[in-house]
Amino acid sequence: MSAFDTNPFADPVDVNPFQDPSVTQLTNASQSGLAEFNPFSETNAATTVPAAQAPGPSQPAVLQPSVEPAQPTPQLLLKQAGKFLPAPFLAAGELSERQMLLGGDSVLRDSYMRKLPKAVAAAAQAGLLRQQEELDRKAAELERKERELQNTVASLHVRENNWPPLPSWCPVKPCFYQDFSTEIPADYQRICKMLYYLWMLHSVTLFLNLLACLAQFTGNAAHGVDFGLSILWFVIFTPCAFLCWYRPIYKAFRSDNSFSFFVFFFVFFCQIGIYFIQMIGLPDLGTSGWIAALSTLKQGSLAVSVIMMVVAGFFTLCAGLSLFLLQRVHSFYRRTGASFQQAQEEFSQGIFSNRTFRSAASSAASSAAQGAFQGN
């Protein structure tokens, strides 16, 4: 009950805070130690004053020392430089470890400066080699194109005539150029050659007709007219057949010309009619046909009659081949899709593009205009 005997309303007791036992203990102990400490005494050299430990569990704050970044080594520098520098400029493997330790940066710089002229020269040489290769390639390409252009120009130029095949010493030179393999398409070469062989057979037949009429004239002088006409037919019909129906069909197959096709059809149809007349062998026409051969046989000339029958057989063969080839050419013509209107257009274009025709037309028009002015 002693705790409740104190009067809370009484005057407070004067309390000295410095009289606390813990405070007085510390002050007394420090004073006694300081009073007894002699800095000049040898006995105190080994004695140490223990530091008073602060009460409480708290610890003082400690600052962590800052860590400086490590300096990059020469090997790391070389490795990083290798990503940006070309191989000839950088050779890290050639630097020894001792050189790296002694001064990797200076060694690297010196090595770079030593290798720089060599690398530049090597790069320049490589560039020159590439340029030389490019120039050689372009030169080869230009040479190839020049050869192709020369071949094209040579093909476009008018070739030297090779028909008829005459010897070089002959004063008469060839008049036409003929080459089936280069001028005629492959699909038309066979039919064109057959027409050429037909013309050759036509010429041989006319020559045999001349010989048969000569034999008939030698046996009977009354057939002199037949012999004369046979010479005329051979001289006229041989070149006319070549010019009037063989060359047009050759040009038609060469350039797919509708007008040449129409010229061939018209002239060749007339040629077939002449073949039939010659095959029949009407008297006094200069042909050794079947009628002329049989009439000669009745007159008792067997040898002459046989010769004339052979010629009549040749005329018959020519007529039959002509009909067959006419049908073949017509089928090729229909296959090309040509028409009479196209032939008219080609004819008009050829006429108006002809320099001789234009000069003749202009001279005729000028003379007509002058005559009209003079008449007025």
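Values in this document were obtained by computation on a predicted structure and should not be read as measured data. (Residues numbered from 1 in each chain as written. Predicted model: local features only at pLDDT ≥ 70, side-chain atom pairs only at ≥ 80, totals over all residues. Heavy atoms only, no water.)

Colleague: An account of the nonpolar core is needed here, citing residue identities and associated values.
Modeller: By size, the foremost hydrophobic cluster in this structure holds 28 residues, and its most contacted members are Leu 195, Trp 245, Tyr 246, Ile 249, Phe 253, Phe 264 and Val 329. Within the residue set of this core, elements represented by two or more residues are helix H5 (189-219), helix H6 (224-255), helix H7 (258-280) and helix H9 (302-336). When residues in this core are grouped by element, the largest group, eight residues, is from H6. Discounting residues that sit within four places of it in the chain, Trp 245 has contacts with Leu 195, Leu 198, Trp 199, Cys 240, Phe 264, Val 267, Phe 268 and Gln 271. Membership of the second largest hydrophobic core comes to 14 residues, among which are Leu 206, Ala 215, Ala 293 and Val 311. (Core = buried A, V, L, I, M, F, W, Y, C linked by side-chain atoms within 4.5 Å. Buried < 20%, exposed > 50% of the residue type's maximum accessible area, 1.4 Å probe, protein only. Helix = DSSP H or I, 4+ residues; strand = E, 2+ residues; numbered from the N terminus. Contact = heavy atoms within 4.5 Å.)

Colleague: Let's hear about the packing of aromatic side chains: which residues, and what values?
Modeller: With the rule as written, the count across this model stands at 26 aromatic pairs. Aromatic pair Phe 217 and Phe 227: ring centres 5.8 Å apart, planes at 10°, arrangement stacked. Taken together, the residues span a long stretch of sequence, with Phe 217 in helix H5 and Phe 227 in helix H6 at a distance of 10 residues. Taken together, Tyr 188, Trp 245, Phe 253, Phe 261, Phe 262, Phe 264, Phe 265, Phe 268, Phe 332 and Tyr 333 form an aromatic cluster joined through their ring pairs. (Phe/Tyr/Trp six-rings, centres within 6.5 Å; stacked < 30°, edge-to-face > 60°.)

Colleague: So what's going on with the packing of H5 against H9? Which residues, and what values?
Modeller: At a minimum axis distance of 9 Å, the contact between H5 and H9 shows a crossing angle of 160°. By the criterion of interaxial angle, the relationship of H5 to H9 is roughly antiparallel. The hand of the H5/H9 crossing is left-handed. Among the residues forming the contact of H5 with H9, the class breakdown is 22 nonpolar, five polar and two charged. (Axes fitted to C-alpha atoms, helices over the stretch in contact; angles between N-to-C directions. Parallel < 35°, antiparallel > 145°, perpendicular 65-115°, else oblique. Left-handed = near helix turned anticlockwise from the far one by under 90°. Nonpolar A, V, L, I, M, F, W, Y, C, P; charged D, E, K, R; others polar.)

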